[in-house]
Amino acid sequence: MSSIILAIETSCDETAAAVVEDGVKVLANIIASQDIHRRYGGVVPEIASRRHLENIGPVVQEALDQARISPAGVDAIAATYGPGLVGSLLVGLSYAKGLAFALKKPFIGVHHLVGHIYAGFLEYPELPLPAVCLVASGGHTSLFYLVSHEERYLLGSTRDDAAGEAFDKVARALGLGYPGGPELEKLARNGDPQAIHFPRAWLEEDSLDFSFSGLKTAVANYLRQRKEAGLEINLSDVAASFQEAVVDVLVGKTLKAALKNMAKSILAVGGVASNRYFRFSLKRSAREAGIPVFIPHPVYCTDNAAMIGCAAYYQYLRGQFSSLDLDAAPGLPLEVL
Ligand code: KG4
Ligand code: ZN
């Protein structure tokens, strides 16, 4: 018997709804991005929340229309309940709970990072376990050890900025728009990644934690010193060298985690995993180490609701439903995964 899940994701500035069948078949995947934040150079929580309110109804309707399914035809309704911006989370979560109540359907609350991880299972349901999974997004950079659908462990996390956050901040320093990641990647294509040596924070010998704030500061110092000395700045070289430093650490630590834990595969997800240079570098290193690597299509790396629908499907199979009292949890810890 197949199960059709309507999933909603509004943890940051994307209003997203998807219809997913059996955790693998995406019948609809609608994402309304809020371009308005560009003019402020970052997400303005109050505006994000209001835009979600305007978008949520039409976005859910569009997902149902595209999937050619009536609300009564879905088997469960899922939504992200944290972590994220509280005003944003509340819109999608309340909408989903309201629908579940009205339609008398089970409701499933999903942890945003579990959602990111399940972007991997959406496309590769048979990916070999145990796996090491890197989640590199705008809010998080963590390594997980996935044993089964019921068992996973946190191996390491960033101690300061997330990788995507570093991309956004450096992009801003280079005068690029928001979100900075994709713009910086574009600029880096014409640059020399070896032009400037920016520091890599490898931390303690055994550590699988990350740190990107020093790198961000190093780029800012470089730009300031060149400016003060009246020297020319090759922005493409700065972008390429910065990107190289981030990718070097992300790939190095992910490989290390996989080898140390004898993982059968590597999975990389989150907005930064849509970066082409990162994808290429991780695949090359993993091939050399003889470990299969899986990276979802870019549209499933950045925030979307299909990944939430896939995560919800595995919870559905376990009968892991949520109460309609479930509150938004903006600071939901990683350990609750
Ligand atoms: O996963 P995501 O869509 O949202 C969060 O949960 O944070 O990740 C967004 C982050 C942003 O910081 C964005 O700049 C970064 O992912 N990102 C990229 C690229 N595309 C998105 N970073 C580097 N290269 C990209 N192509
Ligand atoms: Zn995300």
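Numbering of residues starts from 1 in every chain and runs along the sequence as written. The lettering of chains begins at A and the numbering of ligands begins at 1, in the order of writing. Residues qualify for local features only when their pLDDT is at least 70, as the model is predicted, and side-chain atom pairs are given and counted only at 80 or more; totals for whole chains, interfaces and linings, by contrast, use all residues. Excluded from the side-chain calculations are hydrogens and water; all other atoms, namely the structure's heavy atoms, are used.

Trainee: Please clarify how the overall build of the protein chain should be interpreted in this entry.
Mentor: Across its full length, the protein chain carries 10 helices and 10 strands. Judged by the C-alpha coordinates and their principal axes, the protein chain covers about 65 × 45 × 30 Å. Pairs of residues are marked as contacts when any of their non-hydrogen atoms sit within 4.5 Å. In the protein chain, the proportion of contacts linking residues at least 24 apart, taken out of those at least 6 apart, comes to 73%. What sets the accessible areas is the Shrake-Rupley method with a 1.4 Å probe; for residues, cover comes only from the shown protein chains. As displayed, the protein chain has an accessible area near 14300 Å², and 52% of this comes from carbon and sulfur atoms. When charges are counted, Lys and Arg are positive and Asp and Glu negative, with His and the chain ends excluded. Where a charge sits is defined by one atom per residue type, namely NZ (Lys), CZ (Arg), CG (Asp) or CD (Glu). Computed over 30 positive and 36 negative side-chain charges, the inter-centroid distance for the protein chain is 2 Å. A run of DSSP states H or I qualifies as a helix once it reaches four residues; a run of E qualifies as a strand once it reaches two. Both are numbered from the N-terminal end.

Trainee: Just checking my understanding: could you explain the nonpolar core for this structure?
Mentor: Generally speaking, a soluble globular protein has its nonpolar side chains buried in company with each other. Counting residues in hydrophobic clusters, the biggest one holds 48 residues, and the most contacted among them are Phe198, Phe242, Leu250 and Phe278. The set of elements that each furnish at least two residues to this core consists of strand 6 (131-136), strand 7 (141-146), helix 4 (163-173), helix 5 (180-188), helix 6 (213-228), helix 7 (235-260), strand 9 (265-269) and helix 8 (276-289). Broken down by element, this core gets its largest block of residues, 13 residues, from helix 7. With 37 residues, the next largest nonpolar core counts Val110, Tyr118, Phe294 and Tyr313 among its residues. Here, the term nonpolar core denotes a set of buried Ala, Val, Leu, Ile, Met, Phe, Trp, Tyr and Cys residues that are joined through side-chain atoms within 4.5 Å. A simple rule labels every residue: compare its accessible area, found with a 1.4 Å probe on the protein chains alone, to the largest value its type can have, and call it buried under 20%, exposed over 50%, or partly exposed in between.

Trainee: In this structure, what is going on with the site of ligand 1? I would like to understand it.
Mentor: Lining the immediate environment of ligand 1, one finds 20 residues, of which Gly138, Asp168, Glu185, Asn275 and Asp303 sit closest. For ligand 1, an oxygen atom lies 3.1 Å from a polar atom in the backbone of Gly181. Counted as a polar contact is a pair of N or O atoms within 3.5 Å, where, for protein atoms, one must be capable of donating a hydrogen and the other of accepting one, and residues adjacent in sequence contribute only when both atoms are in side chains. One of the side-chain N or O atoms of Asn275 is found 3.0 Å from a nitrogen atom in ligand 1. The protein chains hide 89% of the 550 Å² of surface that ligand 1 would expose on its own. The set of elements that each furnish at least two residues to the shell around ligand 1 consists of helix 3 (112-123), helix 4 and helix 5. Looking at which element gives the most residues to the shell around ligand 1, the answer is helix 4, with 4 residues. Its residues assigned to classes, the shell around ligand 1 comprises 4 nonpolar, 12 polar and 4 charged. Definition of nearness: a residue and a molecule or strand are near each other if at least one heavy atom of the residue lies within 4 Å of the molecule or strand. Here the nonpolar group is Ala, Val, Leu, Ile, Met, Phe, Trp, Tyr, Cys and Pro; Asp, Glu, Lys and Arg are the charged ones; every other residue, Gly included, is treated as polar.

Trainee: Just checking my understanding: could you explain the sheet that holds strand 8 (residues 152-157) for this structure?
Mentor: Think of a sheet as strands paired side by side through backbone hydrogen bonds, with each pair either parallel or antiparallel. DSSP bridges decide pairing: two strands pair if at least two such bridges lie between them. Spatial strand order, 8-7-6-9-10: 5 strands in an open sheet with mixed pairing. The sheet is open, and its two borders are formed by strand 8 and strand 10 (293-294), each paired with just one other strand. To define axes, lines are fitted to C-alpha atoms, for helices over the stretch in contact only, and angles between the resulting N-to-C directions are given on a 0 to 180 degree scale. Packed on one face of the sheet, helix 7 meets strand 6, strand 7, strand 8 and strand 9 and runs near 155° to strand 6.

Trainee: Explain the coordination of the zinc ion (ligand 2) here, please?
Mentor: Put simply, a metal with four donors set out as a tetrahedron has ideal angles of 109.5 degrees, and one with six donors set out as an octahedron has ideal angles of 90 or 180 degrees. The zinc ion (ligand 2) binds to the protein through His112 (NE2), His116 (NE2) and Asp303 (OD), with metal-donor distances spanning 2.0 to 2.1 Å. In this analysis a donor is any N, O or S atom within 2.8 Å of a metal ion (3.2 Å for sodium, potassium and calcium), and since water is not included, sites may seem incomplete. In these descriptions, tetrahedral denotes four donors with every angle between 85 and 135 degrees, square planar four donors and octahedral six donors with opposite donors over 155 degrees apart and the rest between 65 and 115, and irregular any other case. For the zinc ion (ligand 2), the 4 donor atoms in the first shell make angles of 97 to 131° at the metal, a pattern classed as tetrahedral.

Trainee: Would you take a moment to explain the pattern of salt bridges for this structure?
Mentor: If the charged atoms of two oppositely charged side chains come close together, the side chains can form a pair. Each reported salt bridge corresponds to a side-chain nitrogen of Lys or Arg within 4 Å of a carboxyl oxygen of Asp or Glu. For the structure on display, the rule yields 12 salt bridges. A salt bridge links Asp161 to Lys216, with the shortest nitrogen-to-oxygen separation between them at 2.9 Å. With Asp161 in the loop between strand 8 and helix 4 and Lys216 in helix 6, this pair connects stretches of sequence that are 55 residues apart. Relative accessible area serves as the criterion here: at 7%, Asp161 is assigned to the buried category.

Trainee: Looking at this structure, how should I read the packing of aromatic side chains?
Mentor: Aromatic rings considered in pairs are described by the distance between their centres and by the relative angle of their planes. Only Phe, Tyr and Trp rings are paired, with Trp represented by its six-membered ring, and only when their centres lie within 6.5 Å; those with planes under 30 degrees apart are stacked, over 60 edge-to-face, the remainder tilted. All told, the structure shown has 9 aromatic pairs when counted by the stated rule. Where Phe167 meets Phe242, the ring centres are 5.2 Å apart and the plane angle is 80°; that geometry is what we call edge-to-face. Residue Phe167 is located in helix 4, and its partner Phe242 is located in helix 7; the two are separated by 75 residues in the primary sequence. Just as Phe167 is buried, Phe242 falls in that class too. Each residue in the set Tyr118, Phe121, Tyr313 and Tyr314 is aromatic and connected to the rest through ring pairs, giving one cluster.

Trainee: Can you walk me through the state of the cysteines in this structure?
Mentor: Two cysteines, two sulfur atoms, one covalent bond between them: this is a disulfide. What counts as a disulfide here is a pair of cysteine sulfur atoms lying within 2.5 Å. Taken as a whole and judged by the stated rule, the model has 0 disulfides. Residue Cys301 stays outside any disulfide, its sulfur separated by 10 Å from that of Cys133, the closest cysteine. Unpaired in this structure, Cys310 has its nearest cysteine sulfur neighbour in Cys133, at a distance of 12 Å.

Trainee: Help me understand the sheet that holds strand 1 (residues 4-9), please; the structure alone is not making it clear to me.
Mentor: Within the open sheet, the 5 strands sit side by side as 3-2-1-4-5. Their pairing is mixed. Strand pairing shows two members of the sheet lacking a second neighbour, strand 3 (25-33) and strand 5 (107-111), which therefore form its edges. Put simply, the sheet's adjacent strands are angled 20° from each other on average, direction ignored. Bridge analysis of strand 1 against strand 2 (residues 14-21) gives 6 bridges, and the strand direction is antiparallel.

Trainee: Sorry if this is basic, but what is going on with helix 10 (residues 306-317) here?
Mentor: Spacing of three or four residues puts side chains on the same side of an α-helix, whose turn is 3.6 residues. In this model, helix 10 (12 residues) spans 17 Å end to end at C-alpha, consistent with the 16 Å of a helix rising 1.5 Å per residue. Judged by how many residues are buried, helix 10 sits mostly within the fold: 11 of 12 residues are covered. Listed as buried for helix 10 are Ala306, Met307, Ile308, Gly309, Cys310, Ala311, Ala312, Tyr313, Tyr314, Gln315 and Tyr316. Of the residues flanking the end of helix 10, it is Gly319, one or two places downstream, whose phi is positive at about 70°. Expected span of a helix, by definition, is 1.5 Å for each gap between consecutive residues, and there is one gap fewer than residues.

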